[in-house]
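Structure assessment
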Amino acid sequence: MSEQVQRTKSVRDLDRVVIRFAGDSGDGMQLTGDRFTTSSALYGNDLATLPDFPAEIRAPAGTLAGVSAFQVHISDHDITTPGDAPTVLVAMNPAALRSQIDRVEPGATVIVNTDAFDERNLAKAGYTSNPLHDGSLDGYTVYEVPMTSLTKGAVEPLGVKPRDAERSKNFFALGLVSWMYTRPVDRTLEWIERRFAGKPQVAAANTAAFKAGHAFGETAELFDHAYDVKPAALPKGTYTNISGNTALAWGLIAASQMSNLPLFLGSYPITPASDILHELSKHKNFDVRTFQAEDEIAGIGAALGAAYGGHLGVTTTSGPGMALKAETLGLAVSLELPLLVIDIQRGGPSTGLPTKTEQADLLMALHGRHGEAPLPVIAAKSPSHCFEVAIEAARLALKYRTPVILLSDGYLANGSEPWRLPDIDSLPDLTVDFATEPNHVDDEGNASFWPYRRDPETLARPWALPGTPGLMHRIGGIEKADGSGNISYDPVNHERMVELRAAKVAGIAKELPDVEVHGDVDSADVLVVGWGSTWGAIDGAVARVRAAGHKAAAVHLVHLNPFPPNLGEVLKRYPKVLVPELNLGQLTSVLRAEFLVDAKAVTKVRGLPFTASELEQAILDHLSGVLS
Amino acid sequence: MSATETLVPDPVPATTRKDWASDQEVRWCPGCGDYSILAAVQLLMPELGIRREDTVFVSGIGCAARFPYYMNTYGMHTIHGRAPAIATGLALARPDLHVFVVSGDGDALSIGGNHLIHALRRNVNITILLFNNQIYGLTKGQYSPTSELGKVTKWTPFGSLDQPFNPISVALGAEATFVARTHDMDRAHMMETFRRAFEHKGSKLVEIYQNCNVFNDGAFEAITSKRVREDMLVPLRHGEPIRFGADGSKGVVLDPQRGARIVDVADVGEDALLVHDETRPDPGVAFMLSRLATGPHEPTPIGVFRAVERQEYGEAVNGQVAAAREERGEGDLAALLRSGATWEV
C-alpha cells in the first residue's frame, strides 16, 4: 500500500472535523488518537487535541469508569481549540458509546465495534437494551463494523494467538478512520515499524490490522465516500506537533542553553507533571541533571540548593505538590535566588481529579505563602506556548534573582498542536553576570562582599557562587540587614526589606509589554479577559460573536504578577468585562480588587476546558444583561 | 566553559583557625556544648587542605542551625529539617565543593527525618553533623525524638510517651556508608571523628552528644564526664578488640543468642572479644553495637561504627551526564526541536 492507493470512491472536502476515539483504558485509544493527530499534522492541517483519560491505570474492563478518550480537531484553517462537540465518534465498546454519546453533535457519525456489543459488555455499561437495535441512535449516522473479528481475520494468518490478535483492533480503527479522512498512510506504516521495532510480530500484526481497516473502508459497501480536510494555510516554516509538557521541557533546555547554566530539575512524580521529568531525563547531554527526590519538599529543596550552586534550578509539580513547596518558596523569596516552580494544574482540592484540567491554583500561586512573599507568576496559553513561557520564566528568575511560578494545566500538558519552530538565534540572551569582586568597603577600609547590595535598576541582589574567592557569605531565612545581609531583627530594617522585595517584583512591570487588545479595539461592548489555557476557546468565541455582528474584544494575560502596565487602563476602557476561568472566579476577584472594575466571571470546574460555544453563549448573555 | 566549573587555582594556602571564623558574634547560651563543637570544627578546617571558598555549611532550624553564620565559608541557613535535601541539590550541582550539613536531633530526626534517611541511602557526598542534645532548645524545652521515654518537660508533666530514636541505628538502617559518634567533651575525639567523616566519600553521619545546659543539662554526664569516661565510653577502633574500662578490663563479645554484650575480659579471655571492623559489608554487627547501650547511662560505644565504600551518588549522577555528552555530543538545540516528525509549510 502506498500514497498512490487507488481510490474507487469519491472524496468530499470538509473544512474541519472533530473526531473522538473512545474505548477501554487498555484499548490503546491515546496511541490511536496521537497517531491520527501526527499524520494529520504531517498532512498540513491545523489541529488541537484533548486527551481525556481516567486516573486509574486499568479500571475494570468494559466499565464506564475505564473509558479513555482522545479528541482531535483537524482543520484547513487556523484553529485554537480541540472542538466543541465531536462530529465523529469511534466507540470501541458499549461503555465508550454510552459515556461519550451525549458529547457528540446531533447527526454525528458514530462508528462502533459491534463485536464488543455482547450482553456482558452491554450490562457492564449499564444498557438494558442494545442501543444499536433499540432506536436510541436514530439521530446519528451509525456505522456498525465488527472490528474485533475483522482484525483477528487479518492478523491470525500471521501466526498471532487469538488473544493477542484482538489487541491490534485499535490499529484497525486507525486504518479505517485514516481511509475515511484520506490521511497519508506511508508514514504511519513506517512509524509502526519504528515504534514496535523490538517486537516484530506486534509490528506485523498492527500493520496488518491497519491495512485491513483501510481496505475495509475502501471496499465495504457501508461507506459511499471518503472525506478530505485540506492542509491549512499556516505561516511558512518548519512545523512539528508538540504537547505542552514536551514544549515546556524543551523551553527549559533552551533557557539553560541561552543562560549557559546547567539545568537541574528536582522533582517528585505527580500527574500531570511527570512527563517533564521523563522528557528532561532523556537529554542529559544538554548538561541536564534530573533528580527524583524523596518528596515534593526535597524536590524544590534540591533545586534551590542547585540554584545556590549556580545551576538553573527547576521543580515541577501539580496542585498538592505545590502546597508542599510553599515553605521552601518562602525561603527562596528571602534568599533571592533564581528558581523556577512549574505547576501543571489539575482538578482539586486534594487528590481531586488528577488527570483532568483546572485553573484553580492561581490564588495559591499569587498568595499562597507565609509572610509577605511576592513573586512573579506567569501562565502558558497553548501547548506550544509552554516553550516560550519557560524561557520567560527563566529570564525573570535570573534577571531579578527570584523564584518564579509558571502555571500550566492538564489540558495544555497533554494536548498538542502544530508548532512553527522558532529561529534559535531569535531566543533571548539570558547570560548571568555573577559577582566576582567585593562590592563594599568596611569601616576599617577592607574590601568585603555584601550579598544584599542591590542593583539600583532591577533591585536584584548580586549572585556570588560558592567557589568564588573572597566573597564568602552566609544567607538564610532569618531577616537580613539591608545591604550586608547579616542577621537583623531591627523593626525598621524588616519593613524596608519587605518593601524592597515587593518593589523588586512589582518593578518587573516596567519592562513588560502592554497587553494587546484583539477584536473591536475601539468599539467593543465587552472585553473578554483570559489567562492560561482558556485562550483558545476565548479566541474562538470572540470570533463567533463578532461574526454575528456583535462588538467584542479580548486580551490574554501571560504575566499574572505583576500585570502588564496598561492593564488597568484597558479594563476601564470597555463597558463590560468578562473573565472565563476554570475555577470559581479567581482572576476575576484579583482584577476587581486591584482595578475596581466590575468584572464578571464565567466559571467551569468539570475537569474539561471551555468549549468555544460555551463562551460564545456567555458573551452573548453578558451583552444582553442576562449574566448578573 | 560552564560558569559553574571550579573557579579556583592551586595550591591551597595555609590557614589558621581564625581564618575560618566569621566576623559574626556567636550567640549560643553561655556554657552550651555547641561552642566546643564549633571550636573543634574551626581547628580542624586548616588541617583538611581545603579552601574556605570551596566549603559550604548548610543548616536547617534550631540552635545548631546557627552554625553556618560563624564559619567564614559559604553558608545557607535554611528551613526546618530540609538541609539534607538542599545540600543534596548543591552537592549534585557542584561536586567540586565540600558540603557540610549541621543539624540537631529535632531538625534531623523529626521534621527532617525523611530527608535524612534518603540522603544517607543515596550516599551523596555531604558530611552531616548531628548535634544530639535530646531536647528542643530553641523552642524552649519540649522533648525531642531522641529524648528518653518518660521525659518530663513543660508539656509532659507525667513523662513523655514516645519511644526515642537511636540515631546510629537509624543511620545504619538507612544504608549509610559512614556512621560515627563523638561527644562535645572531647575535642581531640571530635576532630578525629570529623576528619574521618570528611575523608569518606559519600553521605556521612556523625552523631555528637551535645550538652544543652539550659534545658537538658547533664544529659550525657553519666558517660562523658572525665571521671566516668573510662568506664562508660566504649571506643571503637578499627582492627582492634573492643575493650574499655580501667586497664581494658571490660570488653564486648558477639553472643550468637544475645547479640553484642559487655563482659569482663578476665572471664572470657582476650581472644573471645569482638574485633571491630568498620568495613563489614553487612551493617548487622554495627547495628548490634549501636544497641549496646539503651541510653547515655550505660557503657556507650563512640567512634566509627561503619565506613564502607559504595558508589557516591553525585559521581553517578554527573557520570551519566558526562557519558551522555561523550556519546551524543553536547546538546544541539536546533536538532532537539526537530527530533520529532516535522513538516514544511
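Because the structure is a prediction, the values reported are computed rather than measured.

**Section: the overall build of chain A**
A count of helical and extended segments in chain A gives 21 helices and 25 strands. With respect to the principal axes defined by its C-alpha atoms, chain A has extents near 95 × 60 × 45 Å. Looking at chain A residue by residue over its 628 residues, the buried ones come to 55%. A fraction of 76% describes how many contacts in chain A between residues 6 or more apart in sequence connect residues 24 or more apart.

**So, the overall build of chain B**
Across its full length, chain B holds 12 helices and 12 strands. Taken over C-alpha atoms, the radius of gyration comes to 22 Å for chain B, in line with the 20 Å a tight globule of 345 residues would show. Oriented by its inertia axes, the alpha-carbon framework of chain B measures out at about 90 × 45 × 45 Å. Looking at chain B as a whole, 48% of its 345 residues qualify as buried. For chain B, long-range pairs separated by at least 24 residues make up 67% of all intrachain contacts whose partners lie at least 6 apart in sequence.

**Structural notes on the sheet that holds strand β3 (residues 46–52) of chain A**
Residues and elements named next belong to chain A. Sheet architecture is open: six strands sit in the order β3-β4-β2-β5-β6-β7, paired in mixed fashion. With partners counted over all chains shown, the strands left at the sheet margins are β3 and β7 (141–145), one partner each. The mean inter-strand angle of the sheet, taken between neighbouring strand axes irrespective of direction, is 15 degrees. Two elements, strand β2 (residues 16–24) and strand β5 (residues 88–91), share four bridges in a ladder whose sense is parallel. Bridge assignment links F21 to a residue of β5, and that residue is V90. In the packing of helix α1 (residues 29–43) onto the sheet, contacts are made with β2, β3 and β4 (67–75), and the angle to β4 comes to roughly 10 degrees.

**Digging into the sheet that holds strand β11 (residues 288–292) of chain A**
Residue and element names in this part refer to chain A. Pairing within the open sheet is mixed, and its seven strands lie in the order β11-β10-β12-β13-β15-β14-β23. Single-partner strands in this sheet number two, and they are β11 and β23 (559–561). Geometrically, the sheet is characterised by an average inter-axis angle of 20 degrees between neighbouring strands, direction not taken into account. The pairing of strand β10 (residues 263–267) with β11 spans five bridges and is classified as parallel. Looking across to β11, one finds that L265 is bridged to T290. Packed on one face of the sheet, helix α9 (residues 244–259) meets β10, β11, β12 (312–317), β13 (339–345) and β15 (403–409) and runs near 170 degrees to β12.

**Observations concerning the interface of chain B and chain A**
With 56 residues of chain B in contact, the opposing surface of chain A contributes 63 residues. Only β2 (74–77), α2 (83–93), α4 (113–122), α11 (313–328), α12 (333–337) and β12 (342–344) of chain B provide two or more residues apiece to the side of chain B that touches chain A. The dominant element in the side of chain B that touches chain A, judged by the number of residues it contributes, is α2(B), at eight residues. Bridge analysis of strand β19 (residues 474–476) of chain A against β2(B) gives three bridges, and the strand direction is parallel. Residue A:R474 lies in a different strand from β2(B), and its bridge partner there is B:G75.

**Concerning the nonpolar core**
Judged by nonpolar contacts, the single largest core of 212 residues is most densely connected at A:A390, B:V58 and B:L90. Ranked by residue count, the leading element in this core is helix α15 (residues 385–400) of chain A, at 11 residues. Not counting residues within four places of it along the chain, the set of residues in contact with B:L90 comprises A:G305, A:A306, A:Y308, A:G309, B:V56, B:V58, B:L97 and B:V99. Core analysis: the second largest hydrophobic core is formed by 59 residues, A:V18, A:I19, A:I111 and A:A165 among them.

**Description of α2(B)**
Across the 11 residues of α2(B), 11 count as buried, placing the element largely inside the fold. Of the positions making up α2(B), those classed as buried are B:A83, B:P84, B:A85, B:I86, B:A87, B:T88, B:G89, B:L90, B:A91, B:L92 and B:A93.

**Brief notes about the packing of helix α18 (residues 535–547) of chain A against helix α21 (residues 612–623) of chain A**
The geometry of a pair of packed helices is captured by two quantities: the angle between their axes and the separation between those axes. Residue and element names in this part refer to chain A. One way to put it is that α18 packs onto α21 with a least axis distance of 8 Å and a crossing angle of 55 degrees. Considering the angle they form, α18 stands oblique to α21. Judged by the sense of rotation from one axis to the other, the crossing of α18 with α21 is right-handed. Within the contact between the two elements, α18 uses A537, I538, G540, A541, R544 and V545 and α21 uses A612, L615, E616, I619 and L620.

**Overview of helix α6 (residues 169–180) of chain A**
Residue and element names in this part refer to chain A. The first and last C-alpha atoms of α6 sit 17 Å apart over 12 residues, in line with the 16 Å expected at 1.5 Å per residue. Among the 12 residues of α6, 12 are classified as buried, and the element is accordingly described as predominantly covered. All of the buried residues in α6 are K169, N170, F171, F172, A173, L174, G175, L176, V177, S178, W179 and M180. Phi turns positive one or two residues past the end of α6, at T182, with a value near 45 degrees.

**Some words on the confidence of the model for chain B**
Mean pLDDT over chain B: 96, with 97% of residues reaching 70 or higher. With a pTM of 0.94, the predicted complex shows an ipTM of 0.96.

**Topic: unusual backbone geometry**
With omega at 5 degrees, the peptide bond leading from A:G348 into A:P349 counts as cis. Residue placement: A:P349 occurs in the loop between β13 and α14 (362–367).

**Concerning the pairing of strand β25 (residues 599–603) of chain A**
All names here are of chain A. Two strands pair when backbone bridges link them, and strand β24 (residues 576–581) and β25 are joined in this way by five bridges, in the parallel orientation. The partner of P580 across the bridge, within β25, is V602. Once you follow β24 into helix α20 (residues 586–595) and on to β25, the crossover reads as right-handed.

**Digging into the environment of A:P575**
Within the fold, A:P575 resides in the loop between α19 (567–573) and β24. The spatial distance from the C-alpha of A:P575 to the C-alpha of A:A524 is 8.2 Å, given a sequence separation of 51 residues.

**Details of the packing of helix α4 (residues 147–155) of chain A against α6(A)**
Residues and elements named next belong to chain A. It is at 9 Å that the axes of α4 and α6 come closest, and there the two elements cross at 100 degrees. Classified by the interaxial angle, the pair formed by α4 and α6 is roughly perpendicular. Here M147, T148, L150 and T151 of α4 come into contact with α6, specifically with K169, F172 and A173.

**Focus on the environment of A:P462**
All names here are of chain A. Relative to the helices and strands, P462 resides in the loop between β18 (447–448) and β19. Residues P462 and D433, spaced 29 residues apart in sequence, show a C-alpha to C-alpha distance of 8.5 Å. Here P462 is in contact with A435, N439, P451 and R453, once residues within four sequence places are set aside.

**Let's talk about the environment of A:T357**
Residues and elements named next belong to chain A. Checked against the element boundaries, T357 lands in the loop between β13 and α14. For T357 and P272, which are 85 residues apart along the polypeptide, the C-alpha to C-alpha distance reads 9.1 Å. Aside from chain neighbours lying at most four places away, what touches T357 is R346, D409, G410, Y411, S533, L582, G607, L608 and P609.

Calculation criteria
Position labels on residues start from 1 in each chain and follow its written sequence. Chain letters start at A and ligand numbers start at 1, both assigned in the order the entries are written. Where totals are concerned, whole chains, interfaces and linings use all residues; where local detail is concerned, this predicted model gives features only for residues with pLDDT of at least 70, and gives and counts side-chain atom pairs only at 80 or more. Numbering of helices and strands starts at the N terminus; helices are DSSP runs of H or I of at least 4 residues and strands are runs of E of at least 2. Any residue with 12 or fewer other C-beta atoms within 10 Å of its own C-beta is exposed, any with 20 or more is buried, and the rest are partly exposed; the C-beta atoms used are placed from the backbone. Residues are treated as contacting if the C-beta atoms built from their backbones sit within 7 Å of each other. Put simply, the radius of gyration uses C-alpha atoms, and a globule should come to 2.2 Å times the residue count raised to 0.38. For two strands to be treated as a pair, DSSP must find no fewer than two bridges joining them. Where helices are involved, their axes are fitted lines through C-alpha atoms of the stretch in contact, as for all axes, and angles between N-to-C directions lie from 0 to 180°. Joining buried Ala, Val, Leu, Ile, Met, Phe, Trp, Tyr and Cys residues through C-beta atoms within 7 Å gives a set, and that set is a nonpolar core. Orientation categories follow fixed angle ranges, with anything under 35 degrees roughly parallel, anything over 145 roughly antiparallel, 65 to 115 roughly perpendicular, and all other angles oblique. Crossings are assigned a handedness: left-handed for a near helix turned anticlockwise from the far helix by less than a right angle, right-handed for a clockwise turn. To estimate the expected span of a helix, count its residues, drop one, and scale the result by 1.5 Å. The pLDDT score gives, residue by residue, the confidence of the prediction method on a 0 to 100 scale. The path from the first strand over the helix to the second decides the hand: if it runs clockwise while the strands point away from the viewer, the crossover is right-handed.

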